[in-house]
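# Coordinate analysis (summary)
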Amino acid sequence: MSEKYSCIGCGVNIQTENRDEIGYAPPSSLDKETIICQRCFRLKHYNEVQDVSLTDDDFLKILNEIGKSDALIVKIVDIFDFNGSWLPGLHRFVGNNKILLIGNKVDLLPHSVKPNKLINWMKQESKQLGLRPEEVFLVSAARGQFIREVAAAIDEYREGKNVYVVGCTNVGKSTFINRILKEVTGEGDVITTSHFPGTTLDIIEIPLADGKALVDTPGIINHHQMAHFVDKRDLKIITPKKEIKPKVYQLNEAQTLFFGGLARFDYISGGRRAFTCHFSNEINIHRTKMENADSLYEKHVGEMLTPPRQEQLDHFPELVKHEFTIKEAKTDIVFSGLGWITVNEPGAKVAAYVPKGVHAMLRKSLI
Ligand code: GDP
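These lines cover the structure that appears in this document, whether it is placed above or below. (Residues numbered from 1 in each chain as written. Predicted model: local features only at pLDDT ≥ 70, side-chain atom pairs only at ≥ 80, totals over all residues. Heavy atoms only, no water.)

### Observations regarding the overall build of the protein
We apply this condition: Going along the chain from the N terminus, every DSSP run of H or I of four or more residues is numbered as a helix, and every run of E of two or more is numbered as a strand. Residue contacts are defined here by distance: any two heavy atoms, one from each residue, within 4.5 Å place the two residues in contact.
In terms of regular secondary structure, the protein is built from seven helices and 19 strands. At a minimum sequence separation of 6, the contacts of the protein that also span at least 24 residues come to 72%.

This is how it looks when you write it as structure tokens:
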């Protein structure tokens, strides 16, 4: 494509090569008088936003933009991957703007998780990470649970201002906005986009009734997300689709569990005890003796221990060991983006192994 075209909706430069990147339009659309990118097309005709991702630098520019405006910020995280889906820099830019924190995918949690405990944990964790949201909500964007409540809260807290929706890729931001749009506009209303003034960033404004806007920012790629280390085809294995069913393992000292080939758990010492695993129902859990674990992994990663796939092994990061001593009753050992293991009694010495870059940590149990 030699000539330059821009989208009549958002002003972005049109490209026809990559569907998942900013500014895509099908080649046939170049013959038309006015050209609109696929993203604006979907929004205009189907009231649907589509996620695009961008680089860290662009994200900083967006954060700066948010910091300079007087707006309500709605930040979305995946509660199944809280730390992996956290946007680390946001708190430095929010200024005096109010924030609502939305934990999405509540439908995946087992019934035994108490929502209030999770909300309190999210509040504490946010505070430690430097963010003080006005309120924390749990929703399921996919199922529409608690969307009405959030829509009402957004309307209350925005006090007639614009609303910025931010979140990293895969948290369900698009699904969430699409739900909110249905809630706010009703079915069938045609929404048009407008270019965000003064920037070439891929931000779109969705007009609200009072002349203000709901601003959809691109999904940020968070390099600590487990999701980046698995093949796209395997995402459905690690991302639970339905409520997770906890699996209990009675382990002796010096036993190991593998979660596919993505993570490993060593029970080092503390006498025979139960460990409750909360992972996607599709992920294969393999038990072995700790003394055999290294060689088993070396031999079988990519086949019996999968994901990762064989063809990914050259680029797959090594598993890094994080050792913990469980000091309190009811503790979760979290494998960010993959799941967690609940231990009921204190005194166990354990190790969690995750791909280099991914977080492993302890938290007070959600159950
Ligand atoms: P975005 O990249 O943040 O815009 O995320 P998407 O809206 O594209 O959603 C990412 C993935 O999460 C998709 O596979 C969705 O089906 C799934 N998803 C989104 N919301 C929910 C939810 O509330 N519950 C569940 N179980 N899955 C969800």
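### Focus: the pairing of strand 5 (residues 162-167)
Here is the rule: Buried, partly exposed and exposed residues are distinguished by accessible area as a fraction of the type maximum, computed with a 1.4 Å probe on protein chains only: under 20%, between the cut-offs, and over 50%, respectively. Pairing between strands is defined by DSSP: at least two bridges between the two strands are required.
With five of six residues buried, strand 5 is to be regarded as a mostly interior element. Here strand 2 (residues 71-78) pairs with strand 5 via six bridges, running parallel. Bridge pairing in strand 5 links Lys75 to Val166. As paired strands, strand 5 and strand 8 (residues 213-216) are joined by three bridges and run parallel to one another. By the bridge assignment, Val163 is partnered in strand 8 with Leu214.

### A few points about helix 7 (residues 290-300)
Condition: Along the arc lie the directions from the helix axis toward the C-beta atoms.
Taken residue by residue, helix 7 has Ala293, Leu296 and Tyr297 as its buried positions. Buried residues along helix 7 cover an arc of 100° about the axis, so they all sit on one side. Counted as exposed and oriented over 90 degrees from the buried face of helix 7: Glu291, Asp294, Glu298 and Lys299. Packed against the buried residues of helix 7 are strand 11 (255-259), strand 12 (263-269), strand 14 (285-289) and strand 15 (319-325).

### Here's the deal with the site of the ligand
Put simply, the rule reads: When we say a residue is near a molecule or strand, we mean one of its heavy atoms is within 4 Å of it. A 3.5 Å cut-off defines polar contacts: any pair of N or O atoms within that distance qualifies, except that in protein one atom must be a possible hydrogen donor and the other a possible acceptor, and neighbouring residues in sequence count only when both atoms are side-chain atoms. All accessible areas in this document rest on Shrake-Rupley with a 1.4 Å probe, and a residue is counted as covered only by the protein chains that are shown. In the scheme used here, Gly and all other residues not listed as nonpolar or charged are polar, with Ala, Val, Leu, Ile, Met, Phe, Trp, Tyr, Cys and Pro taken as nonpolar and Asp, Glu, Lys and Arg as charged.
Every one of the 16 residues lining the ligand counts as a neighbour, but Asp107, Asn170, Lys173, Ser174 and Thr175 are closest to it. Lys105 is positioned with one of its side-chain polar atoms (N or O) 3.2 Å from an oxygen atom of the ligand. The backbone of Gly172 places a nitrogen or oxygen atom 2.9 Å from an oxygen atom of the ligand. In the complex, 75% of the free accessible area of the ligand, which totals 580 Å², lies under the protein chains. Here the element with the most residues in the shell around the ligand is helix 5 (residues 173-185); it accounts for three residues. Residues of the shell around the ligand, tallied by class, amount to five nonpolar, seven polar and four charged.

### Remarks on helix 3 (residues 115-128)
As a reminder, the rule being used: Expected helix span is computed as 1.5 Å times (number of residues minus one).
Compared with the 20 Å implied by 1.5 Å per residue over 14 residues, the 20 Å span of helix 3 between its first and last C-alpha is a close match. Every buried residue belonging to helix 3 is among Leu118, Ile119, Trp121, Met122, Glu125 and Ser126, and all of these are buried. Down the axis of helix 3, the smallest arc covering the buried residues is 160°, so these residues share one side. Exposed residues pointing more than 90 degrees away from the buried face of helix 3 are listed as Asn116, Gln124, Lys127 and Gln128. Those residues of helix 3 that are buried lie in contact with strand 2, strand 3 (99-104), strand 4 (135-139) and strand 19 (360-364). Downstream of helix 3 by a residue or two, Gly130 has a phi angle that is positive, lying close to 95°.

### Digging into the side chain of Gln15
Secondary-structure assignment places Gln15 in the segment before helix 1 (38-46). Here the side chain of Gln15 touches Asn18 through a polar contact of 2.8 Å, landing on its backbone nitrogen.

### Considering the environment of Phe176
With respect to the helices and strands, Phe176 occurs in helix 5. Accessibility expressed as a relative area gives 1% for Phe176, which makes it buried. Sequence spacing of Phe176 and Gly270 is 94 residues, and the spatial spacing of their C-alpha atoms is 44 Å. Apart from residues no more than four positions distant in its own chain, Phe176 is found in contact with Val74, Ile76, Ile102, Val139, Ala141, Ile147, Val150, Ile154 and Val165.

### Thoughts on the pattern of salt bridges
The line we're drawing: Salt bridges are defined as contacts in which a side-chain nitrogen from Lys or Arg sits within 4 Å of a carboxyl oxygen from Asp or Glu.
Counted according to the given criterion, the structure contains 14 salt bridges. A salt bridge links Lys161 to Glu159; the shortest N-O distance between them is 3.6 Å. For the salt bridge of Asp266 with Arg264, the shortest nitrogen-to-oxygen distance reads 2.9 Å. One exposure class covers both Asp266 and Arg264, and it is buried.

### Here's the deal with the sheet that holds strand 11
To keep it simple, the criterion reads: The axes are straight lines fitted to the C-alpha atoms, using for helices just the contacting stretch, and the angles between their N-to-C directions are given from 0 to 180°.
Reading across the sheet, the five strands line up as 14-11-12-18-15 and stay open at both edges, with antiparallel pairing between neighbours. Pairing within the sheet leaves two strands with one partner each, and these edge strands are strand 14 and strand 15. Taking each pair of neighbouring strands and ignoring which way they run, the sheet shows an average axis angle of 20°. Of the strand pairs in this sheet, strand 12 and strand 18 (residues 349-355) are connected by five bridges, and their pairing is antiparallel. Each residue of the ladder has a partner; that of Asp266, found in strand 18, is Ala351. Against the sheet, helix 7 makes contact with strand 11, strand 12, strand 14 and strand 15, and its axis sits at roughly 125° relative to strand 14, the strand it touches most.

### Examining the packing of aromatic side chains
The line we're drawing: Two rings belonging to Phe, Tyr or Trp (six-membered ring only in the last case) form a pair when the distance between their centres is within 6.5 Å. Interplanar angles under 30 degrees mark stacking, angles over 60 mark edge-to-face geometry, and anything in between is tilted. A ring is considered to have a charge above it if a Lys NZ or an Arg CZ atom is located within 6 Å of its centre and within 35 degrees of its normal.
Enumeration according to the criterion identifies nine aromatic pairs in this entry. Seen in terms of ring centroids, Phe82 and Trp86 are 5.2 Å apart; in terms of plane orientation they differ by 40°. Their pairing is tilted. For the pair Phe82 and Trp86, one class covers both residues: buried. An angle of 65° between the planes, with centres 4.9 Å apart, marks the rings of Phe82 and Trp121 as edge-to-face. With Phe82 in the loop between strand 2 and strand 3 and Trp121 in helix 3, this pair connects stretches of sequence that are 39 residues apart. Across the pair, Trp121 and Phe82 agree in class, each one buried. A network of ring pairs unites the aromatic residues Phe82, Trp86 and Trp121 as a single cluster. Here the guanidinium or amino end of Arg363 rests over the ring plane of Trp121, the centre of that ring lying 5.0 Å away.

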